[in-house]
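Next come the chains, spelled out residue by residue.
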Amino acid sequence: MNSYAIITFHNSHFALKAKRVFDNNRLKSETIPVPRELSSECGFCCKVLWKDKDLVENVLKKNNIAYENIYRWEDKAKGKKFNFV
Amino acid sequence: MSIEIDARGLPCPQPVIKTKEGLEKAKGKELVIIVSTSESRDNVLRFLSHSGININKVEENNGSFYIYTEKTNRIPINVEKNEYICSTSQINFGTTIFINKDRIGHGNDELGYNLMKAFITTIKDLSVQPKTLCFMNSGVKLTVNGAETIPYLKNLEEKGIEILVCGTCLSFYNIKDKLAVGKISNMYDISETMLKSSKVITI
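Residues numbered from 1 in each chain as written. Chains lettered and ligands numbered in written order. Predicted model: local features only at pLDDT ≥ 70, side-chain atom pairs only at ≥ 80, totals over all residues. Heavy atoms only, no water.

*Asks:* Explain the overall build of chain B here, please?
*Replies:* In terms of helices and strands, chain B carries six helices and nine strands. Computed over the C-alpha atoms, the radius of gyration of chain B is 22 Å, more than 25% above the 17 Å expected from 2.2 N^0.38 for a compact globule of 203 residues. Along the longest, intermediate and shortest principal axes, the C-alpha atoms of chain B span 65 × 35 × 30 Å. Here chain B holds 203 residues, and the buried ones make up 41% of them. Intrachain contacts of chain B at a sequence separation of at least 6 include 70% that bridge at least 24 residues. Accessible area of chain B: about 10800 Å², with a carbon and sulfur share of 50%. Distance between charge centroids for chain B: 2 Å, based on 25 positive and 23 negative side chains. (Helix = DSSP H or I, 4+ residues; strand = E, 2+ residues; numbered from the N terminus. Rg over C-alpha atoms; globule rule 2.2 N^0.38 Å. Buried < 20%, exposed > 50% of the residue type's maximum accessible area, 1.4 Å probe, protein only. Contact = heavy atoms within 4.5 Å. Areas by Shrake-Rupley, 256 points an atom, 1.4 Å probe, with all protein chains shown as cover. Lys, Arg positive; Asp, Glu negative; His and termini not counted. Charge placed at Lys NZ, Arg CZ, Asp CG, Glu CD.)

Encoded structure:
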């Protein structure tokens, strides 16, 4: 089972910027569409490994990238499950 | 002396098109057209009748239909597709998605790239699935080693979605040896796939 942190932003500019910053910091991340369970609006969010969550939060703060929320996403054998932190 | 046109097993309206080609070459000879379905037989007979060509006989033998025409010099009419009923079984009912660049839309490239990635990522979660994905021009860059889309495309391929990648385009970008997912394909396969699909979505 893999645990991920799903970081949502107020605006997709921030999501893309966050992805660039994660890349520069060699943090494994992916931009994915905001899951339907979280929002029906079009938007990107960043998916990072849950174990990197604190590191990621620091990097975001350091780079003045405001984020909306962080959710925990666990890949389970049957489908996906989102858990609020 | 007769010209034989073996159109057995060909999808509609190919038997009619083959018949037309045969008539163009007939030059006073008889034609024998062999088809494997009654539907193709009817379509060919209708086409011959519209072209003013008389039929000598129609025989059925071992599940094949043999249509014998008179000697003919006639120039066949054009094949109007909607005149010939093609059964739906000959149409690939699926949807083909034609990806002809490595990003979606025009404007900001970073946004376009991320939208494309998001699109490919999302397909696997949908209840409706495409039958085929065709990649051309810079779209082929999404199918080679190092592309972030690879795991998602591999996943789609495992689910049975056909992935056709333009070989010419891979060579052009000099990345043929890096292909990581899908099948190297050509214009024939890709255009045929699109024409056979009930729906083609160009991204």
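*Asks:* Explain the interface of chain A and chain B here, please?
*Replies:* The figure often quoted for interface size is the accessible area lost as the parts come together. Contacts between chain A and chain B engage ten residues on the former and twelve residues on the latter. For the pair chain A and chain B, the summed buried area comes to about 920 Å², and 48% of that belongs to carbon and sulfur atoms. Counting across the chain A and chain B interface gives three salt bridges. The residue A:E30 makes a salt bridge to B:K117 at a minimum N-O spacing of 4.0 Å. Put simply, chain A and chain B have five residue pairs in polar contact (both at pLDDT 80 or more) between them. Sorting the residues of the side of chain A that touches chain B by element identifies α1 (12-24) and β2 (29-33) of chain A as the ones contributing at least two each. Element by element, the count of residues in the side of chain A that touches chain B is highest for β2(A), at four residues. (Buried area = accessible area lost by both parts, 1.4 Å probe. Salt bridge = Lys/Arg side-chain N within 4 Å of Asp/Glu carboxyl O. Polar contact = N/O pair within 3.5 Å; in protein donor to acceptor, adjacent residues only side chain to side chain.)

*Asks:* Teacher, can you tell me more about the nonpolar core here?
*Replies:* Across soluble globular proteins, nonpolar side chains have a tendency to be buried as a group. All names here are of chain B. If you look at the biggest cluster of nonpolar residues, it comprises 30 residues, and the most contacted ones within it are I99, I120, L133, F135, V140, L153 and I163. Contributing elements (two or more residues each) for this core: β5 (92-99), α3 (109-123), β6 (132-135), α4 (150-158), β7 (162-166) and α5 (167-172). Here F135 is in contact with I99, I120, V140, L142, T143, L153, I163, L164, V165, C166 and I190, once residues within four sequence places are set aside. (Core = buried A, V, L, I, M, F, W, Y, C linked by side-chain atoms within 4.5 Å.)

*Asks:* Teacher, can you tell me more about the state of the cysteines here?
*Replies:* Note: disulfide means a covalent bond formed between the sulfur atoms of two cysteine side chains. This structure, assessed with the given rule, holds one disulfide over all chains. Two residues, B:C166 and B:C169, share a disulfide whose sulfurs are 2.4 Å apart. What sets the handedness of the B:C166 and B:C169 disulfide is the S-S torsion sign, and at about 75° it is right-handed. Each member of the pair B:C166 and B:C169 is classed as buried. Free of any disulfide, A:C45 has its nearest cysteine sulfur in A:C46, 7.1 Å distant. (Disulfide = S-S within 2.5 Å.)

*Asks:* I keep staring at the packing of aromatic side chains and nothing clicks. Help me out?
*Replies:* A ring pair, where both rings are aromatic, is described by two values, the distance of the centres and the angle of the planes. If you walk through the whole model with that rule in mind, you get two aromatic pairs over all chains. Here the aromatic rings of A:Y4 and A:W73 are separated by 6.4 Å at their centres, their planes lie at 65°, and the arrangement is edge-to-face. With A:Y4 in strand β1 (residues 2-8) and A:W73 in strand β4 (residues 69-75), the pair connects residues that are 69 residues apart, well separated along the chain. What makes A:W73 buried here is its relative accessible area of 7%. Judged by centre distance (5.2 Å) and plane angle (85°), the rings of B:F172 and B:Y173 are edge-to-face. Given a relative accessible area of 26%, B:Y173 falls into the partly exposed group. Here the basic side chain of A:K47 rests over the ring of A:Y4, its NZ or CZ set 4.3 Å away from the ring centre. (Phe/Tyr/Trp six-rings, centres within 6.5 Å; stacked < 30°, edge-to-face > 60°. Lys NZ or Arg CZ within 6 Å of the ring centre and 35° of its normal.)

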